[in-house]
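Topology and contacts: notes
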Amino acid sequence: MPKKLVAICLSNFLIAALMGLLLRFVSIYPLSINYRFFTHAHSHTAMLGWAYLMLYILIVHYFVQEKKTIYIRLFWTTQVSVWGMMFSFPFQGYAAISITFSTLHIICSYIFIFLIWKKLKAKSYVSSVLLKTALLFMAVSTLGVWCLGPAVGLYGNTSDFYQVAIQFFLHFQFKGWFLFAVIGVFFHILNIQDSKQFRVFYRILLLSTVLTFALPLYWYFPNKLFYWLNALGVIFQITALFIFLKIIKFSFHTILAKTSKLEIYLYSFSSLCFCLKAVLQLGSLFPEFSQIIYQHKLYVIGFIHLLMLGVITGFLFAFMMRNKLISSSAATSVGVYSFIIGFVLTEFLLLVQGYLYYTNEPIISNFNMFLFIASIFLPLGIMFLLKNLITQKNHAT
């Protein structure tokens, strides 16, 4: 696994975290920046510069036998598109330059799907079907991006059609492409073999991913059909969670002897966040609470961070340790624990403040200040890990 490319991904993540910290600072001391534009830059850099490219590297590393230069060239082309979005979104939002680089990224993703689909060499049916499903979800999610232009032209950027197109992209990126790819790599490491239990898990998780998209549809088009489809998807998701824990229970013990405590802790932390994600979605079964979630963005931000920082990033950090890209040292422990402390504190503050809004009780005074202080731990942890990665000499090739 090319160390330099992983360093690029982690650097992207650090920049995204610093952008997020700036957004938290602006809530305390207003600066002359466009908050919405910087939010676009922050989210695109984190999703496409960190999660997307790290999964790109992992999939090529584990599942492509022919290490051709085309994958390196495609990586750098994709990184150029990330840089383009990183530097254009803060100044113009969705406009000609940022849309051009966004389009370039989508084209690169299509090429990546085509190459991996042809060259995928998984050891088992389990990894193969999970990764191919992840790639399909990646392709499907881009339909939401292609709909943004017509949505703005026909109805404007405040229309329900525009918002649903964004939700479509985010839903199938996070819960489709990212989640299925991470589970695919995790099951590959655990050497999970095909079984009736796995096939049930896969089908139920697939159904839950599709059906739970009915929740954002219900936000914008309140219809009982969307409510019941989401309810069915949430029940499927809880069922898939129980089967997931059963599948990994026995295989997880086989790698304990060969795995550092910190890596095991990261696997456990990510799995716990996966459980919390499924359990918290039970709240959407209550229609009134479902609308409250939509109205109070703190819940939405908290849920996105739970999935992105807790589940996805937790597993990605563990995979980095598995490949000896970062060593198990005091600095690494400080980095990991700092990141997790920042994650837990910010999630707690968002959840409590959202609850106080919901119950009309007095909100936390100096909330934005506390949130900013807690958020400092996130880029701080990433910096420790990046330093370890750069200075670490013994790493996987």
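So, here is what we can say about the structure in this document. The shown structure was predicted, so the numbers you read here are calculated from the model rather than taken from an experiment.

What the protein contains, in helices and strands, is 16 helices and zero strands. Its C-alpha atoms give the protein a radius of gyration of 20 Å, within 12% of the compact-globule value 21 Å for 397 residues. For the protein, the spread of C-alpha atoms along the three principal axes comes to 50 × 45 × 40 Å. The burial tally for the protein puts 56% of its 397 residues in the buried class. Taking the contacts inside the protein whose residues are at least 6 apart along the sequence as the reference set, 80% of them involve residues at least 24 apart. When the accessible surface of the protein is split by element, carbon and sulfur atoms take 70% of a total near 17600 Å². The average position of the 27 basic charges and that of the 7 acidic charges among the side chains of the protein differ by 15 Å.

Taken as a whole and assessed by the stated rule, the structure comprises 41 aromatic pairs. Ring centres 4.6 Å apart and planes at 5 degrees place the aromatic pair F13 and W50 in the stacked group. Note that F13 is positioned in helix α1 (residues 3-26) and W50 in helix α2 (residues 35-63), a separation of 37 residues in sequence. Judged by its relative accessible area of 3%, F13 falls in the buried class. An angle of 65 degrees between the planes, with centres 5.8 Å apart, marks the rings of Y52 and W177 as edge-to-face. Placement of Y52 in helix α2 and of W177 in helix α7 (residues 160-190) is noted, with a sequence separation of 125 residues between them. The aromatic ring of Y125 is capped on one face by R199, whose charged end is 4.2 Å from the ring centroid. The ring of Y227 carries the charged tip of K224 above its face, separated from the ring centre by 5.4 Å.

In terms of nonpolar packing, the biggest core is built from 119 residues, with W50, F112, W177 and F187 touching the most fellow members. The contact partners of W177, leaving out residues within four places of it in the chain, are Y52, L55, I59, F112, A134, L135, F137, M138 and F172. In terms of nonpolar packing, the next biggest core, distinct from the first, is built from six residues, L298, L349, L350 and A374 among them.

Tallying each qualifying case throughout the model produces two salt bridges. Of the charged contacts in the structure, one is a salt bridge between D194 and R199, with a shortest N-O distance of 2.6 Å. For R199, a relative accessible area of 31% corresponds to the partly exposed category. Between E263 and R322 there is a salt bridge, with the nearest N and O atoms lying 2.9 Å from each other. With E263 in helix α11 (residues 261-280) and R322 in helix α13 (residues 297-322), this pair connects stretches of sequence that are 59 residues apart.

About the thresholds
- Counting restarts for each chain, with residues numbered from 1 along the sequence as it is written.
- Under the rules for a predicted model, residues below a pLDDT of 70 receive no local features and side-chain atom pairs below 80 are neither given nor counted, while totals for whole chains, interfaces and linings still include all residues.
- Hydrogen atoms and water are omitted, and side-chain values are computed over all heavy atoms in the structure.
- For helices the rule is a DSSP run of H or I covering at least 4 residues; for strands it is a run of E covering at least 2, with both sets numbered from the N terminus onward.
- For the radius of gyration, the atoms used are the C-alpha atoms, and the globule rule reads 2.2 Å times the number of residues raised to 0.38.
- Burial classes: relative accessible area under 20% of the type maximum marks a residue as buried, over 50% as exposed, and values in between as partly exposed (1.4 Å probe, protein chains only).
- Residue contacts are defined here by distance: any two heavy atoms, one from each residue, within 4.5 Å place the two residues in contact.
- Here the Shrake-Rupley method, with its probe set to 1.4 Å, supplies the accessible areas, and only the displayed protein chains count as covering residues.
- His is not counted, nor are the chain ends, whereas Lys and Arg count as positive and Asp and Glu as negative.
- To locate a charge, take atom NZ for lysine, CZ for arginine, CG for aspartate or CD for glutamate.
- Under the pairing criterion, centres of Phe, Tyr and Trp rings, with the six-membered ring standing for Trp, must be within 6.5 Å; the plane angle then separates stacked pairs below 30 degrees from edge-to-face pairs above 60, leaving the rest tilted.
- Criterion for a charge above a ring: Arg CZ or Lys NZ at most 6 Å from the ring centre, at most 35 degrees from the ring normal.
- Definition of nonpolar core: a set of buried residues of the types Ala, Val, Leu, Ile, Met, Phe, Trp, Tyr and Cys, connected through side-chain atoms within 4.5 Å.
- Each salt bridge in this description consists of a side-chain nitrogen of Lys or Arg and a carboxyl oxygen of Asp or Glu lying within 4 Å of one another.

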